[in-house]
Amino acid sequence: MARLTSRNIGRLAGLGAALWLMQPLAQADTAHWQAVQQAGVLRCGAAVAAPYVMRDPATGQYSGFFVDLCRDFAEQVLKVKAQFVDTSWDNQVAGLQSGKWDMAMALNNTPERAKAVAFSVPATDYQISLLVNRKNPKFSAAGNNLGDYDKPGVTIAVISGTAADKAVTAAVKNATLMRLPGSDETRMALMSKRADILADANDTNHLFAMANAWANEVLPVPALAKQGVSFALPLQTPADDMAELDAYLTQQRESGEIDKLVDKASAQILAGNKAP
């Protein structure tokens, strides 16, 4: 048996202090999904943008394919209820950082955001598309090359401050940009012919084109702001927890289930006989 000397006592005391100091860190690193399960609810930050996230103004009920994915992941994987917290796009990241919700829906994975939050694998892909009036003579010979639309005398409507605004501003050299506060304003500008082009997310523009026979959607080459659309979690989310969400999304995407959910959201919008 080793003799307990003053030197050994000092070593033991030092080890005990180290273990004591490590305890708060271990407790603070509680698994993200474990905390959600203990609370019994998965709070999802919900900023509206069809067909990803939609909200019925009369009932307050949420729909859209990211809403369906959030609800299914909560109920089938975590075995908790999903709660949707109304927010704006400007506050999605800040609300996640401050703990107002556990997961943010339908965020583009950009290098800037990746410094502040952790991203899942993409649930779908995003890029900017262009909506034009089929009968606009300015584009009678246009194809899908961006240069066919970036010309003097052409006005492009875009929602101010969005990914579309940033991408178009960087790529367009000759056309005039019309920055407007929201999607209603940009669509009205195109419909009233104050703008020749509406630049917005391809999913959103595709739905508008489906609902309006006069509208033609163009996916420009080179692609504008092509990136994944994902769920976002707090930056310090444990890798195992992120892997669980990634595995779920990969299975849903490869099985075609996400495509079905997109079709469901599109049908809901079109059944309302109005653009998203």
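First, a word on what this report is: a plain description of the structure on this page. Here the structure is a predicted model, which is why all the values come from computation and not from measurement.

In this section: the nonpolar core. Core analysis: the biggest nonpolar cluster contains 53 residues, and Leu 42, Phe 66, Met 103 and Met 105 have the highest contact counts within it. Tallying contributions element by element places helix H3 (residues 65-78) first for this core, with eight residues. Within the second largest apolar cluster, eight residues are counted, among which are Val 93, Leu 96, Trp 101 and Val 117.

It is worth spelling out the pairing of strand S5 (residues 103-108) at this point. The buried fraction of S5 is high, at six of six residues. Both strand S1 (residues 41-46) and S5 contribute to a ladder of two bridges, which runs parallel. Note on S5: the bridge partner recorded for Gly 45 is Ala 104. Pairing geometry for S5 and strand S12 (residues 224-234), over three bridges, is antiparallel. In the sheet register, Asn 108 faces S12, and the bridge partner there is Val 229.

Applying the stated criterion to the full structure yields seven salt bridges. We note a salt bridge from Asp 68 to Arg 71, for which the minimum N-O separation is 3.6 Å. Here Asp 68 pairs with Arg 71, and both are found in helix H3, just three residues apart, close to one helical turn. Residues Asp 68 and Lys 264 are paired through a salt bridge, measuring 3.3 Å at the closest nitrogen-oxygen approach. Here the residue Asp 68 occupies a position in helix H3, and Lys 264 occupies one in helix H10 (residues 257-271), the gap between them amounting to 196 residues.

Now for helix H2 (residues 32-39). Among the residues making up H2, those that are buried are His 32, Trp 33 and Val 36. Buried residues along H2 cover an arc of 90 degrees about the axis, so they all sit on one side. Contacts made by the buried residues of H2 are with S1, H3, S5, S12 and helix H9 (239-254). After H2 finishes, the residue Gly 40 shows a positive phi value of roughly 80 degrees.

What counts, and where the lines are drawn
- Residues numbered from 1 in each chain as written.
- Predicted model: local features only at pLDDT ≥ 70, side-chain atom pairs only at ≥ 80, totals over all residues.
- Heavy atoms only, no water.
- Core = buried A, V, L, I, M, F, W, Y, C linked by side-chain atoms within 4.5 Å.
- Buried < 20%, exposed > 50% of the residue type's maximum accessible area, 1.4 Å probe, protein only.
- Helix = DSSP H or I, 4+ residues; strand = E, 2+ residues; numbered from the N terminus.
- Pairing = 2+ DSSP bridges.
- Salt bridge = Lys/Arg side-chain N within 4 Å of Asp/Glu carboxyl O.
- Arc of directions from axis to C-beta.
- Contact = heavy atoms within 4.5 Å.

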